[in-house]
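Topology and contacts: notes
Letter by letter, the chains look like this.
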Amino acid sequence: LIENKLIFSSLGYNSREFPFHKDGGELEVYLTPDFVHLTEVEIRPGENPAWEIIRHVIENKEKNNPQNLENYSCREYSKIRFDLNNFTGKIQKNILVRPFDYIWENTMKNEAGIQYLPVLLVEKSVDQYYRSSPNEKKEIIQGKNQTGLAGKNLLKFVEDLAVSPNIYNNYVVVLDKNFPSPLNDNYKRNYKFLLTDSSAVSGNKEYKISFRSKYQRELGFDGDMLIDSGSYAIKEVSLRFDIRANVNFVRSYLIKQKFQMVDSEHWMLANSNVLADFTVLENVSDLTGFYGRNNSSYINYKINKPIDKTVFQGPEEITFLENYTTRTSSFWDESRLIEYNDEDKQVVKMVE
């Protein structure tokens, strides 16, 4: 009611005004539609914004790939653990383990409700050396500490987990299989990409890109990566595949890597974590599978610094110090970059 007038309006209709009569009475009001004629709008598809970023990363691979450095060295600490999973009650009655029935008191459940039992823990302290010309790599095992129940085939899986694949290579080797990297020069051929986030961290912009394999029944990863906008180097990456990739004995496999800036110029690997779910344990049907976990940290990088020529002497890529299996607790207190969690401590307690 405005100035003795009744005004009727509704979204999408023309308003109408009527004089207001104090004596009252009935009033029927009809509103006419208010049509808006729009001009034609043409929408055309543009380029996937993730592709431009991936192209920049590939253009800078030569600069950011650690394998293209003249040389580097670092100290690696790795902790590998294996847990039995999906086992039945039959194994608990096996005559071979019946005297040790207390081990089942350490059985745990994950978020999916699957029971698992930590049984093997292996930690290593390693000095790593690399040079590009001539191309050589050397690992000197400073210490190795093994606790738990291990057969020779299980120890083979320990070595398979002790890998840190190079995302910058066209192909990433996992369990002796060549997976196309999401940074493969032919990146569109194997993967679908999606730019999911673009944000500034400490004044530097970074991009988060998710990717999926185009062919689920072939070797390929699903995952995501965090990219520094200044150097177009990888800051973080996760790589996943599952049973559909048809890799022997593997139900699922996850690799997570984080990189850190070294000497204000090079992004080098700082942490590499692997979580694998295998289906077979030494061909024993009662033990239907096991989890393998590898957590590795890398420190004390020296880049393009002189390396003693004697380091690369000998044909072996891996050498062992004489006392590497008998290191003292003080050595491990100093070398252990990743503390034991409660499950790791259970393995030690069970063996003791």
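Here, the structure is the one placed above.
**Quick notes on the packing of aromatic side chains**
Inspection of the entire model under this criterion finds 15 aromatic pairs. Ring geometry for Phe-193 versus Phe-211: centroids 6.5 Å apart, planes at 50°, classification tilted. Of this pair, Phe-193 sits in strand S9 (residues 191–201) while Phe-211 sits in strand S10 (residues 204–213), placing them 18 residues apart in sequence. Neither residue differs from the other here; Phe-193 and Phe-211 are each classed as buried. Three or more aromatic residues joined by ring pairs make a cluster, and in this case those are Phe-179, Phe-221, Phe-241 and Tyr-253. When the ring centre of Phe-312 is taken as reference, the NZ or CZ atom of Arg-131 above it lies at 4.2 Å.

**Quick look at unusual backbone geometry**
Following Ser-133, the chain continues into Pro-134 via a peptide bond in cis, with omega recorded as -10°. Along the polypeptide, Pro-134 turns up in the loop between strand S5 (115–132) and strand S6 (135–148). At Asp-263, a position not held by glycine, the phi torsion is positive, near 50°. When you line up the elements, Asp-263 lands in the loop between strand S13 (250–262) and strand S14 (266–278). One non-glycine residue, Asn-300, lies in the positive phi region at around 55°. Inspection of the secondary structure assignment puts Asn-300 in strand S15 (residues 289–303).

**So, the layout of surface pockets**
Unfilled space is identified by rolling a water-sized probe across the atoms. By volume, the largest pocket is sized at about 1100 Å³. Residue lining of the largest pocket: 43 residues in total, with Lys-137, Glu-139, Ala-162, Val-163 and Ser-164 positioned closest to the centre. If one sorts the elements of the lining of the largest pocket by residue count, S6 sits on top with six residues. Looking at the lining of the largest pocket residue by residue, the classes come out as 23 nonpolar, ten polar and ten charged.

**A look at helix H1 (residues 49–59)**
Because an α-helix completes one turn every 3.6 residues, residues spaced three or four positions apart along the sequence face the same direction. Restricting attention to buried positions, one finds in H1 the residues Ala-50, Ile-53, Ile-54, Val-57 and Ile-58. The buried residues of H1 occupy one face: seen down the axis, they fall within an arc of 140°. Check the buried side of H1 and you find it contacts helix H2 (61–64), helix H5 (187–190), S9, S10, strand S11 (222–228) and strand S12 (234–242). The opening residue of H1 is Asn-48, an N-cap whose side-chain oxygen sits 2.9 Å from the backbone nitrogen of Ala-50.

**What about the environment of Ser-210?**
Relative to the helices and strands, Ser-210 is located in strand S10. A relative accessible area of 22% places Ser-210 in the partly exposed class. In sequence terms Ser-210 and Val-237 are 27 residues apart; their C-alpha atoms lie 9.7 Å from each other. When sequence neighbours within four positions are dropped, the list of residues in contact with Ser-210 reads Lys-192, Phe-193, Leu-194, Thr-196, Gly-223 and Asp-224.

**Some points on the side chain of Glu-139**
Relative to the elements of secondary structure, Glu-139 occurs in strand S6. For the buried residue Glu-139, which engages in no salt bridge, the nearest side chain bearing the opposite charge is Lys-137, 4.1 Å off. Filtering out sequence-adjacent residues up to four positions away, Glu-139 remains in contact with Val-126, Asp-127, Gln-128, Glu-317, Ile-318 and Thr-319.

**Some points on the environment of Glu-265**
Residue placement: Glu-265 occurs in the loop between S13 and S14. When the C-alpha atoms of Glu-265 and Ser-231 are compared, they prove to be 8.8 Å apart, with 34 residues separating the residues in sequence.

**Examining empty space enclosed by the protein**
Applying the stated rule across the entire model yields one cavity of 30 Å³ or more. Here the largest cavity is characterised by a volume of approximately 40 Å³. Around the largest cavity sit Lys-63, Asn-64, Asn-65, Pro-66, Leu-69, Tyr-168, Ala-233, His-266, Trp-267 and Met-268, which together line it. Contributing elements (two or more residues each) for the lining of the largest cavity: H2 and S14. It is S14 that contributes the most residues to the lining of the largest cavity, three residues altogether.

So, how was this worked out
Residues numbered from 1 in each chain as written. Predicted model: local features only at pLDDT ≥ 70, side-chain atom pairs only at ≥ 80, totals over all residues. Heavy atoms only, no water. Phe/Tyr/Trp six-rings, centres within 6.5 Å; stacked < 30°, edge-to-face > 60°. Helix = DSSP H or I, 4+ residues; strand = E, 2+ residues; numbered from the N terminus. Buried < 20%, exposed > 50% of the residue type's maximum accessible area, 1.4 Å probe, protein only. Lys NZ or Arg CZ within 6 Å of the ring centre and 35° of its normal. 1 Å grid on protein atoms, 1.4 Å probe; cavity = no way out; pocket = protein on both sides within 12 Å on 5 of 7 lines; lining within 4 Å. Points joined across faces, edges and corners; volume = space filled by probe spheres on them. Nonpolar A, V, L, I, M, F, W, Y, C, P; charged D, E, K, R; others polar. Arc of directions from axis to C-beta. Contact = heavy atoms within 4.5 Å. Polar contact = N/O pair within 3.5 Å; in protein donor to acceptor, adjacent residues only side chain to side chain. Lys, Arg positive; Asp, Glu negative; His and termini not counted. Salt bridge = Lys/Arg side-chain N within 4 Å of Asp/Glu carboxyl O.

So far we have only geometry, and geometry alone does not tell us how the molecule works.
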